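Next come the chains, spelled out residue by residue.
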Amino acid sequence: MSLSPDLDAFDRAILAILQKDNATAQRAIGEKVNLSAPAVQRRIKRMEETGVIRANVALVDPAKVGHPITIFVEVEVESERADLIDAAKRGFAAVPEVQQCYYVTGEADFILVVTVATMADYEALTRRLFFENNNVKRFRTFVAMDRVKVGLEVPVG
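Since the model is a prediction, treat every value here as computed from it, not as a measurement.

(A) Geometry of the UniProt feature "domain: HTH asnC-type" (unreviewed entry) in the protein chain. With numbering matched to this structure, UniProt assigns "domain: HTH asnC-type" (unreviewed entry) to residues 7-68. Span residues 7-68 is 53% helix and 0% strand, its end C-alpha atoms 38 Å apart.

Right under this line is the structure:
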């Protein structure tokens, strides 16, 4: 996988369209960017193979599937030994309620974005993830009151 594949203006235009609606037909993309559908298909395939396009997924509204609570969690670990940090990364990544996990600089070591159905579910999750983990020194919770902007669209132009 290339670390920084060369993307031209056509690739960037295709990415901008796909990030808004990944179900857009290749013919329609081609019309918008002035390429043939087969050329669009080749470019998309190349971007998938090089890791520019990491996945083709549906964005689901958490509230509509029974997970209306979004929580941000700062986690501070006791020891920053590489093996313990790697174990924490694996542990957080394995939990379905953890939508996003970032290893960060500053006072916290990790920032998690968590979605749960109830606060009781979150309390149970904290017991499993934090209280039962000897390397978690402390954690702070921030409950989202409103989802003002949510997305993973990356500026490409």
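From this point on, the discussion continues.
(B) Layout of the sheet that holds strand β1 (residues 69-77). In space, the 4 strands of this open sheet follow the order β2-β3-β1-β4, with antiparallel pairing throughout. This sheet does not close on itself; its edge strands, each paired only once, are β2 (98-103) and β4 (136-143). Neighbouring strand axes in the sheet, compared pairwise and without regard to direction, differ in orientation by 20° on average. On top of the sheet, helix α4 (residues 82-93) reaches β1, β2 and β3 (110-116); it is set at about 20° to β3, its chief contact. Contacting β1, β2, β3 and β4, helix α5 (residues 119-131) crosses the sheet at an angle of about 160° to β4.

(C) Looking closely at the packing of aromatic side chains. Considering all chains together, one arrives at 5 aromatic pairs under this definition. Judged by centre distance (5.2 Å) and plane angle (75°), the rings of F92 and F110 are edge-to-face. With a gap of 18 residues between them, F92 in helix α4 and F110 in strand β3 connect regions that are remote in the sequence.

(D) Expanded view of the pattern of salt bridges. Taken as a whole and assessed by the stated rule, the structure comprises 12 salt bridges. In this structure, the salt-bridge partner of K45 is E49, at a minimum N-O distance of 3.1 Å. In this pair, K45 and E49 are both assigned in helix α3 (residues 37-49), 4 residues apart and thus about one turn of the helix distant. Via salt bridges that share partners, D8, D11, R43 and R46 belong to a single interconnected network.

(E) Representation of unusual backbone geometry in the model. At N34, a position not held by glycine, the phi torsion is positive, near 65°. Within the secondary structure, N34 is located in the loop between α2 (26-33) and α3. Of the residues examined, N34 reaches a relative accessible area of 65% and is grouped as exposed.

(F) Examining the packing of helix α1 (residues 9-20) against α2 more closely. Look at α1 against α2: their axes get within 10 Å of each other, and the N-to-C directions meet at 130°. By the criterion of interaxial angle, the relationship of α1 to α2 is oblique. Where α1 crosses over α2, the handedness of that crossing is right-handed. Each of F10, A13, I14, I17 and L18 in α1 lies in contact with α2, whose residues at this interface are I29, K32 and V33.

(G) Layout of the nonpolar core. Core analysis: the largest hydrophobic core is formed by 19 residues, its most contacted members being L112, V114 and F130. Of all the secondary structure elements, the ones that give two or more residues to this core are β1, α4, β3 and α5. In contact with L112, not counting residues within four places along its chain, are I71, F72, V73, V75, F92, V98, Q100, C101 and F130. Core analysis: the next-biggest nonpolar cluster, separate from the first, contains 11 residues, L18, V33, M47 and I53 among them.

(H) Looking closely at the packing of α2 against α3. Two numbers describe how α2 lies on α3: the axes approach to 8 Å, and their chain directions differ by 100°. In terms of orientation, α2 lies roughly perpendicular with respect to α3. The residues of α3 that touch α2, namely those facing Q26, R27, I29, G30 and V33, are A37, V40, Q41 and I44. In the contact of α2 with α3, the residues fall into 5 nonpolar, 3 polar and 1 charged.

So, how was this worked out
Residues numbered from 1 in each chain as written. Predicted model: local features only at pLDDT ≥ 70, side-chain atom pairs only at ≥ 80, totals over all residues. Heavy atoms only, no water. UniProt positions renumbered as here; feature names shortened; annotations may be inferred. Helix = DSSP H or I, 4+ residues; strand = E, 2+ residues; numbered from the N terminus. Pairing = 2+ DSSP bridges. Axes fitted to C-alpha atoms, helices over the stretch in contact; angles between N-to-C directions. Contact = heavy atoms within 4.5 Å. Phe/Tyr/Trp six-rings, centres within 6.5 Å; stacked < 30°, edge-to-face > 60°. Salt bridge = Lys/Arg side-chain N within 4 Å of Asp/Glu carboxyl O. Buried < 20%, exposed > 50% of the residue type's maximum accessible area, 1.4 Å probe, protein only. Parallel < 35°, antiparallel > 145°, perpendicular 65-115°, else oblique. Left-handed = near helix turned anticlockwise from the far one by under 90°. Core = buried A, V, L, I, M, F, W, Y, C linked by side-chain atoms within 4.5 Å. Nonpolar A, V, L, I, M, F, W, Y, C, P; charged D, E, K, R; others polar.

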